[in-house]
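# Observations on the model geometry
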Amino acid sequence: MTIHIGADPGDIAETVLMPGDPYRARWAAETFLESPRRVNEVRGMFGYTGTWQGHPVTIQGSGMGMPSLSIYANELIRDYGAKTLIRIGSCGAMQSHVKLRDVILAMTASSISTPSRGILRELAFAPCADWGLLKAAWDAAQAKWTMVHAGGIYSSDVFYDERPDLNEQMTRHGILAVEMEAAELYTVAARHGARALAVLTVSDHLLTGEALPAADRENSFGEMVEIALAAAFA
Ligand code: HPA
């Protein structure tokens, strides 16, 4: 048990998928894992462990935003020995060639700051995905004929953004989409020698104002889970 995860030692697999929403963790575990069992419910941030094609997998909610994700990523890696962490989540597109439901593999994640800023101080650390996971996820997406993009994303601290100029700069610099967790996941994983990747589905579009209807979100979310699982065990 850690402060935020009630699982017993050995209850957490070395491979962890991390959706922001704990109910998505439950849905993904019940849909894609064999014999899933709940291993965490502290603060309602559900975690489940089961197997996928015989491989042990944990699906643990991260909550929204980098401070929340940071707590779970730190405890999963440092206390439970997680070695591969894949964020599965939604994002807002920032380029016109990126469409709703497309999948984005985050090669890098820019930010204003992350919870790791206090350690890195003046260093503008470049958080990046694990290459092997990224390559495997790309191959898995291609095999499924999924519309996939690999490139930089923006990990923002705010959903209700009062600085549209920052989004404009991100778009101008080729950033594909915005979400709120990947930069810290990549940084914590790098610090502790774990592998990390963010696989994201475009749920809304900052340039057009479009958004996916709730029913579509579940289908797109499923594709992302399949890509993440295939990448983890490629
Ligand atoms: N902003 C931040 N995070 C997000 C968004 C967004 O527009 N869409 C999905 N996650």
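Coordinates for the structure precede this section.
A brief report on the enclosed structure follows. These numbers come from a predicted model, not from an experiment.

## Describing the pairing of strand β2 (residues 34-40)
Note on strand geometry: in a regular strand, side chains alternate between the two faces of the sheet. By the bridge criterion, 4 bridges tie β2 to strand β3 (residues 47-52) in an arrangement that is antiparallel. Considered in β3, the bridge of R38 is made with Y48.

## What about the environment of L69?
Mapping L69 onto the fold places it in helix α2 (residues 66-78). On a C-alpha basis, the gap between L69 and M180 in space is 9.3 Å, while along the polypeptide they are 111 residues apart. Ignoring sequence-local partners within four residues, the contact set of L69 consists of M18, S62, E181, E184 and L185.

## Thoughts on the site of the ligand
In the vicinity of the ligand, the residues found are S90, C91, G92, F159, V178, E179, M180, S203, D204 and L206. In this structure, a nitrogen atom belonging to the ligand sits 2.9 Å away from a side-chain N or O atom of D204. If the ligand stood free it would expose 260 Å²; the protein chains cover 87% of that surface. Elements with a minimum of two residues in the shell around the ligand: β5 (84-93), β8 (177-179) and β9 (195-205). The biggest single contributor to the shell around the ligand is β5, with 3 residues. Of the residues belonging to the shell around the ligand, the class tally is 5 nonpolar, 3 polar and 2 charged.

## A short note on empty space enclosed by the protein
Scanning the model with the defined rule gives 1 cavity of 30 Å³ or more in all. One number sums up the size of the largest cavity: a volume of about 50 Å³. Around the largest cavity, the lining residues are R24, S90, T201, V202, S203, L212, R217, S220, F221 and M224. Put simply, the parts of the chain that give the lining of the largest cavity at least two residues each are β9 and α7 (214-232). Counting residues per element, the lining of the largest cavity draws most heavily on α7, which supplies 4 residues.

## Brief notes about the pattern of salt bridges
Side chains that differ in sign of charge can pair as their charged atoms come close. For the structure on display, the rule yields 7 salt bridges. A salt bridge links K135 to D139; the shortest N-O distance between them is 2.9 Å. Of the two residues, K135 and D139 both sit in helix α4 (residues 131-143), 4 residues apart, roughly one turn of that helix. Of the residues examined, K135 reaches a relative accessible area of 39% and is grouped as partly exposed. Note on D139: relative accessible area 37%, which makes it partly exposed. Between E226 and K144 there is a salt bridge, and its shortest N-O distance comes to 2.6 Å. A residue pair is termed long-range when its members are at least 10 positions apart, and E226 in helix α7 and K144 in the loop between α4 and β7 (148-155) qualify at 82 residues. E226 sits in the partly exposed class, given a relative accessible area of 33%. What makes K144 partly exposed here is its relative accessible area of 32%.

About the criteria used
Residues numbered from 1 in each chain as written. Predicted model: local features only at pLDDT ≥ 70, side-chain atom pairs only at ≥ 80, totals over all residues. Heavy atoms only, no water. Pairing = 2+ DSSP bridges. Helix = DSSP H or I, 4+ residues; strand = E, 2+ residues; numbered from the N terminus. Contact = heavy atoms within 4.5 Å. Near = heavy atom within 4 Å. Polar contact = N/O pair within 3.5 Å; in protein donor to acceptor, adjacent residues only side chain to side chain. Areas by Shrake-Rupley, 256 points an atom, 1.4 Å probe, with all protein chains shown as cover. Nonpolar A, V, L, I, M, F, W, Y, C, P; charged D, E, K, R; others polar. 1 Å grid on protein atoms, 1.4 Å probe; cavity = no way out; pocket = protein on both sides within 12 Å on 5 of 7 lines; lining within 4 Å. Points joined across faces, edges and corners; volume = space filled by probe spheres on them. Salt bridge = Lys/Arg side-chain N within 4 Å of Asp/Glu carboxyl O. Buried < 20%, exposed > 50% of the residue type's maximum accessible area, 1.4 Å probe, protein only.

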